[in-house]
There are 2 protein chains.
Amino acid sequence: MTELHLRQPSAPDARDAVRTLRPSQIREVANAGLGIENVLPFWFGESDRVTPQFIRDAARAALDDGATFYTHNLGIAPLREALAGYVSTLHGATSAGHVAVTSAGVNALMLAAQLVVGAGDRVVAVTPLWPNLVEIPKILGAHVDTVALDYGAHGWTLDLERLLASLTPDTKLLMINSPNNPTGWVMTREQQRAVLEHCRRHGIWIVADEVYERLYYADNTNGARTAPSFLDLATRDERVICVNSFSKAWLMTGWRLGWIVAPAALMDDLGKLVEYNTSCAPSFVQQAGVAAIGQGEAFTRQLVADLHASRDHLVRALSSIAGVDVKAPAGAMYLFFSLPGATQSLELCKALVREAGLGLAPGSAFGPEGEGFVRWCYACDTARLDAGVERLRRYLAEPGRR
Amino acid sequence: MTELHLRQPSAPDARDAVRTLRPSQIREVANAGLGIENVLPFWFGESDRVTPQFIRDAARAALDDGATFYTHNLGIAPLREALAGYVSTLHGATSAGHVAVTSAGVNALMLAAQLVVGAGDRVVAVTPLWPNLVEIPKILGAHVDTVALDYGAHGWTLDLERLLASLTPDTKLLMINSPNNPTGWVMTREQQRAVLEHCRRHGIWIVADEVYERLYYADNTNGARTAPSFLDLATRDERVICVNSFSKAWLMTGWRLGWIVAPAALMDDLGKLVEYNTSCAPSFVQQAGVAAIGQGEAFTRQLVADLHASRDHLVRALSSIAGVDVKAPAGAMYLFFSLPGATQSLELCKALVREAGLGLAPGSAFGPEGEGFVRWCYACDTARLDAGVERLRRYLAEPGRR
């Protein structure tokens, strides 16, 4: 046995590409609040409401029925059919052969990235952005360049020419998230058209993270309109992969269920990648997804109306605090705003949770372009928002805060 | 709009590394049986029994309780604690800080591979082997060399010296699955010790896929013994990552729940990878896992006893067919045996499903070393096994089959 200990190799470490992935600054803030009682958390991208009963009932019924076996890699046929119908209604004819079920929206992004990028490939992403889109290609050895949104009198806007200039012919993939987490920015139809034309010209793939497409408030009083989507412009068989999720529009964050719309010619390869990543989403979870699509439209429209009201309520309340600069974005479920002290947003957010019991996400968690801002998820009732605003107001009113 | 159509780039394709991944030959056989009535399927690695009621009840209760939110990347604390206790009982002291919950066993393998291998790295795998271990590193750009088991009078055996010789100092990772799918081969304690010593000497990582560890029949009449595990020999903080799953020992294939035991120093990086792959396993699925670990021991032991009996029953029945060469392996839930016509196992299995209504997996699905064999999953009752054996007997009795 002594031979076992003759050598002392260095301590085990993950490879460099993994060690240099960004850890979550949101979790760092949450950790700073451990032990603090009665924190009001607005830091995660998640409603405080449980999944609707009819969806939970569908999962229970599937469990009773014994839906506890493997499914097809690309998902159960009823869910693929339901999703094809749903996408067709929103964005034009789409067959089940263009749809794959995934183990969460983020899993869909990982699969999409695995499909098209490998070591050394160049990827472009528009930022600020939730970290996952920027970090996923790095796990595969790709290089990610970012194009920053601008912040001004109209909130967050895209300099289209700058984005197009960055999409050089050697670029493999553009990853774009609209409506955007964290800013709420929504890409316009005209911008999408110009980007699609440009990417077609150069054979550049587009992975569009459209999980917030239903959470869209411009000219959308009844929740029936979706944000502009690449699916509205692209054919179903070109280099466009759209990623979506049940998490936001049906309050199913903890279910880890998403989907991909992609060229039918890619489905065999996508099925292999699903096999080698998770093999399939849980069987009864997929059955719950069928219920969400089939019976959930009224729920989603009411949810969007509620979020719209929460957004406006929070913008009004925050605007009443001196030094806070906040604008109402057209989509998603966040306000991404500046306030005194936010130029060091991570330190500010740690102080807010420790000293005020207020849980916000630091802007720097979403890339260097996010520094100077904080993210507030408003997917909760207005009383809770009001309580949070009061904590912020009191914190900022203390001497030396401005 | 005409500009949109000026150029016709080539049709969209996945990247080469993905297009060259192996598709499932089992699915190819299953597709050959589409439209055939009353096929008896023994091709998938899955019991025909539904998940035990107490586990389904736990998921239902969690859904009722509103467990529909995101969880910690590494899993809910009660499940990590339960798994730490379970692993400690089987393999010696293991803390929750060494345990991560994953979205299936295969997802655990993908995460483990992402932790340690990137483009250009050399990986060694022992074959025949279910395809996932060999294909996963290729998605990450790694190169996989295989070392074949030998088949002889004692069934499948490992030439240890040949494996050690293949583990050159430039090797990054050894992936090994014991008890093995498809052969049922079980690595001996002495072989594990020699491999561990060798890998320590050269700083080579070991990823051990031990999802069949409970399905072990040697000197194990009460189902209490597990197969030899690298966890029995390794410290918890060296280059050994053990992967496990709820699929086999608790009949939870369709739940997609697994776990990893790994050095505590890797857990922060592993948490990042979980975030960027699936973020977490579904919340109520994890609660069901707590019930499986906490209340499932008697169930698992009975299951192992049943499988043991099914194995022996099927070996006896198949041995009565002339030309069939079958041996009882020490682990897993498959017989991997040779029979007339199996030198073209894919064609044979297609013919068996079309002409005899018998669904077996072709040996070539598990690598070229598997050619000449077929895999039969015996995780079902003996009446069904008998019906399948009769179909095989009748098929082989037809003129010209030998």
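Note that this is a predicted model, so its numbers are computed, not measured.

(A) Expanded view of the environment of Leu90 of chain A. Residues and elements named next belong to chain A. Tracing the backbone shows Leu90 in helix H4 (residues 77-91). Remark: the alpha-carbon pair of Leu90 and Ala224, spanning 134 residues in sequence, is separated by 9.2 Å. Leave out the neighbours within four places in its chain, and Leu90 touches Glu213, Arg214, Thr226 and Asp232.

(B) Highlighting unusual backbone geometry. Residues Ser178 of chain A and Pro179 of chain A are joined by a peptide bond in cis, for which omega reads -10°. Its identity is not glycine, yet Ser279 of chain B carries a phi of approximately 75°, on the positive side. Residue placement: Ser279 of chain B occurs in the loop between helix H10 (267-277) and helix H11 (283-295). Taking relative accessible area as the criterion, Ser279 of chain B reaches 8% and is therefore assigned buried.

(C) Examining the nonpolar core more closely. Val195, Leu318 and Trp376 of chain A together with Val195, Leu318 and Trp376 of chain B are the most contacted members of the largest nonpolar core, which totals 302 residues. Leave out the neighbours within four places in its chain, and Val195 of chain B touches Leu160, Leu163, Leu164, Leu167, Leu174, Met187, Ile206 and Phe230 of chain B.

(D) Fine view of the sheet that holds strand E3 (residues 122-127) of chain B. Residues and elements named next belong to chain B. An order of E2-E10-E9-E8-E7-E3-E4 is seen for the seven strands of this open sheet, with the pairing classed as mixed. Two strands in the sheet have a free side with no partner beyond their single neighbour: strand E2 (99-102) and strand E4 (143-148). Here the strands of the sheet are splayed against their neighbours by 20° on average, with no regard to which way each runs. The pairing of strand E8 (residues 205-209) with strand E9 (residues 240-245) spans four bridges and is classified as parallel. Counterpart to Ala208 in the pairing with E9 is Cys242. In the packing of helix H4 (residues 77-91) onto the sheet, contacts are made with E2 and strand E10 (258-261), and the angle to E2 comes to roughly 120°.

(E) Structural view of the state of the cysteines. Residue and element names in this part refer to chain A. The final tally for this structure, using the stated rule, is zero disulfides over all chains. In this structure Cys349 is a free cysteine whose sulfur lies 14 Å from that of Cys377, the closest cysteine sulfur available. Here Cys380 is not disulfide-linked; the sulfur of Cys377 is the nearest cysteine sulfur, at 7.0 Å. By relative accessible area, which is 10% here, Cys380 ends up buried.

(F) Spotlight on the relation of the copies chain B and chain A. For the pair chain B and chain A, the superposition axis carries a translation of 0.0 Å, the fit reaches an RMSD of 0.0 Å, and the rotation angle comes to 180°. Taken together, the rotation angle and the small translation identify this as a two-fold axis. Same-surface contact between copies: 100% of interface residues of chain B are shared with the interface of chain A.

(G) View of helix H3 (residues 53-64) of chain B. In this model H3 of chain B runs 16 Å from its N-terminal to its C-terminal C-alpha over 12 residues, within 8% of the 16 Å that 1.5 Å per residue would give. Of the positions making up H3 of chain B, those classed as buried are Ile55, Arg56, Ala58, Ala59, Arg60, Ala62 and Leu63 of chain B. On its buried face, H3 of chain B sits against helix H3 (53-64) of chain A together with H11 of chain B. Backbone geometry just downstream of H3 of chain B places Gly66 of chain B in the positive-phi region, at approximately 85°.

(H) Region of interest: the pattern of salt bridges. All names here are of chain A. The full count for this structure, using the stated rule, is 40 salt bridges over all chains. For the salt bridge of Asp145 with Arg122, the shortest nitrogen-to-oxygen distance reads 2.8 Å. With Asp145 in strand E4 (residues 143-148) and Arg122 in strand E3 (residues 122-127), this residue pair connects regions lying 23 residues apart in the sequence. Across the pair Glu197 and Arg201 runs a salt bridge, and its minimum N-O distance is 3.8 Å. Of this pair, Glu197 and Arg201 both sit in helix H8 (residues 189-202), four residues apart, which is roughly one turn of the helix. Salt bridges sharing partners connect three or more residues here, namely Arg22, Glu135 and Lys138.

(I) Examining the interface of chain B and chain A more closely. The partner chain A presents 85 residues to the 85 residues of chain B that form the contact. Of all residues in chain B, Pro12, Tyr70 and Tyr276 of chain B give up the largest surface area on contact with chain A, accounting jointly for 12% of the area buried on that side. Taken together, the links from chain B to chain A amount to two salt bridges. Across the salt bridge formed by Arg60 of chain B and Asp64 of chain A, the nearest N and O atoms sit 2.4 Å from each other.

Procedures and definitions
- Residues numbered from 1 in each chain as written.
- Chains lettered and ligands numbered in written order.
- Predicted model: local features only at pLDDT ≥ 70, side-chain atom pairs only at ≥ 80, totals over all residues.
- Heavy atoms only, no water.
- Helix = DSSP H or I, 4+ residues; strand = E, 2+ residues; numbered from the N terminus.
- Contact = heavy atoms within 4.5 Å.
- Buried < 20%, exposed > 50% of the residue type's maximum accessible area, 1.4 Å probe, protein only.
- Core = buried A, V, L, I, M, F, W, Y, C linked by side-chain atoms within 4.5 Å.
- Pairing = 2+ DSSP bridges.
- Axes fitted to C-alpha atoms, helices over the stretch in contact; angles between N-to-C directions.
- Disulfide = S-S within 2.5 Å.
- Least-squares fit on C-alpha atoms with pLDDT ≥ 70 in both.
- Expected span 1.5 Å × (residues − 1).
- Salt bridge = Lys/Arg side-chain N within 4 Å of Asp/Glu carboxyl O.
- Buried area = accessible area lost by both parts, 1.4 Å probe.

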